[in-house]
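Examining the three-dimensional arrangement
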Amino acid sequence: MELSYLVLFYLFLSSFLAGFSKTSVGGLGIIVVLLMALAFDAKTSVGILLPMLIVADAFAVFYYKKDCDYALLKKIFPTTALGVVLGYFIMDNLDKDIFEKTLGFVILLMLLLGAYLENKTIKPYQNNIILIVVGLGAGIATMLANAAGPLLAIYFLQLGLNKNTFVGTRSMYFLILNLFKLPFSAGLGLITLETLTLNMYFIPVIVLGAYFGIKFLKMINMSIFKTLIRFASVIVALKFLLF
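Residues numbered from 1 in each chain as written. Predicted model: local features only at pLDDT ≥ 70, side-chain atom pairs only at ≥ 80, totals over all residues. Heavy atoms only, no water.

This part takes up the environment of phenylalanine 225. Assignment of secondary structure puts phenylalanine 225 in helix H11 (residues 222-242). Sequence-wise, phenylalanine 225 and methionine 143 are 82 residues apart; in three dimensions their C-alpha atoms are separated by 27 Å. Ignoring anything within four residues of it in the chain, the contact list for phenylalanine 225 reads Ser24, Val25, Leu157, Lys163, Phe166, Val167, Leu217 and Ile220. (Helix = DSSP H or I, 4+ residues; strand = E, 2+ residues; numbered from the N terminus. Contact = heavy atoms within 4.5 Å.)

Right under this line is the structure:
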């Protein structure tokens, strides 16, 4: 695979941001997706991006594994897995543009609900309806638009998780989710030996980004953390609604 200097730059920046996002506030995934779309066609970009995210997730899990809320993961992941399977079977029959606009509206609605309930927290083990909706929505969203992040982020904020528990739980969630997606993506011919070889060259860049993400998270307080998460979610929602 011959790559121009511009494509290599996009790959370098995407790898760094993927690592940084996974170990800090997140929300940069949409920028990574856009950079990859500039560098490659849709099929190739997805095939390169998924292993890149798995490496970034693995590094984040290694660092934050003690902060993960495993009880919460056991509650939410089964519905997410069902959402992935549903997304796999409906992706050829559902208009992606309509889905993305609906998803953008749902993200904004959840942000408004979160603002209204600012000083209240959802009890994850007492409100199974919300948990099921978020889990299913995240699973479908990740298959159709690589956009599970904002739904999960807003839900985790409303649970009242501190920033380390938030990142630790999110990291483990997405590592499991992306590994679960791997056979589906391989079955669709998105991941090849060539794309995996390319991934290998950029692992050090992902690790470098993850290192700076850890340092950044230590520097910010919880109030700034929440603001950055919500701002990133708004950007993603507007992208889906307007573009």
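Turning our eyes to something else, we now look at the packing of helix H7 (residues 148-158) against H11. At a closest axis distance of 10 Å, the pairing of H7 and H11 adopts a crossing angle of 150°. Here H7 lies roughly antiparallel to H11, going by the angle between them. The interaxial crossing formed by H7 with H11 has left-handed handedness. Of the residues in H11, those in contact with Pro150, Ala153, Ile154 and Leu157 of H7 are Phe225, Lys226, Ile229, Arg230, Ser233 and Val236. Here the contact of H7 with H11 is composed, by residue class, of seven nonpolar, one polar and two charged. (Axes fitted to C-alpha atoms, helices over the stretch in contact; angles between N-to-C directions. Parallel < 35°, antiparallel > 145°, perpendicular 65-115°, else oblique. Left-handed = near helix turned anticlockwise from the far one by under 90°. Nonpolar A, V, L, I, M, F, W, Y, C, P; charged D, E, K, R; others polar.)

Further remarks concern empty space enclosed by the protein. Tallied over the full model, the rule gives two cavities of 30 Å³ or more. Reported here for the largest cavity is a volume of approximately 510 Å³. Along its surface, the largest cavity is lined by 29 residues, and Lys22, Gly27, Gly29, Asn146 and Gly149 are the ones closest to its centre. If you list the elements that add at least two residues to the lining of the largest cavity, you get helix H1 (5-23), helix H2 (29-39), helix H3 (42-64), H7, helix H8 (163-187) and H11. Ranked by residues supplied to the lining of the largest cavity, first place goes to H11 with five residues. Partitioning the lining of the largest cavity into residue classes produces 17 nonpolar, nine polar and three charged. (1 Å grid on protein atoms, 1.4 Å probe; cavity = no way out; pocket = protein on both sides within 12 Å on 5 of 7 lines; lining within 4 Å. Points joined across faces, edges and corners; volume = space filled by probe spheres on them.)

Here we come to helix H10 (residues 203-219). Between its first and last C-alpha, H10 extends 25 Å over 17 residues, near the 24 Å set by a 1.5 Å rise per residue. Turning to H10, its buried residues number three or more, namely Val205, Ile206, Gly209, Ala210, Gly213, Ile214 and Leu217. (Expected span 1.5 Å × (residues − 1). Buried < 20%, exposed > 50% of the residue type's maximum accessible area, 1.4 Å probe, protein only.)

Turning our attention to the packing of aromatic side chains. The full count for this structure, using the stated rule, is 13 aromatic pairs. Their ring planes at 85° and their centres at 5.3 Å tell us that tyrosine 88 and phenylalanine 89 sit as a pair that is edge-to-face. For tyrosine 88, a relative accessible area of 26% corresponds to the partly exposed category. Given a relative accessible area of 57%, phenylalanine 89 falls into the exposed group. With centroids separated by 5.1 Å and ring planes inclined at 85°, the aromatic side chains of phenylalanine 166 and phenylalanine 225 adopt a geometry described as edge-to-face. Here phenylalanine 166 is found in helix H8, whereas its partner phenylalanine 225 is found in helix H11, with 59 residues between them in sequence. Each member of the pair, phenylalanine 166 together with phenylalanine 225, is buried. Through successive ring pairs, a cluster of aromatic residues spans Phe16, Phe20, Tyr211, Phe212 and Phe216. One residue, lysine 22, lies across the ring of phenylalanine 174, its end atom 4.6 Å from the ring centre. For lysine 65, the ring lying beneath its charged end belongs to phenylalanine 62, and the centroid distance is 4.6 Å. (Phe/Tyr/Trp six-rings, centres within 6.5 Å; stacked < 30°, edge-to-face > 60°. Lys NZ or Arg CZ within 6 Å of the ring centre and 35° of its normal.)

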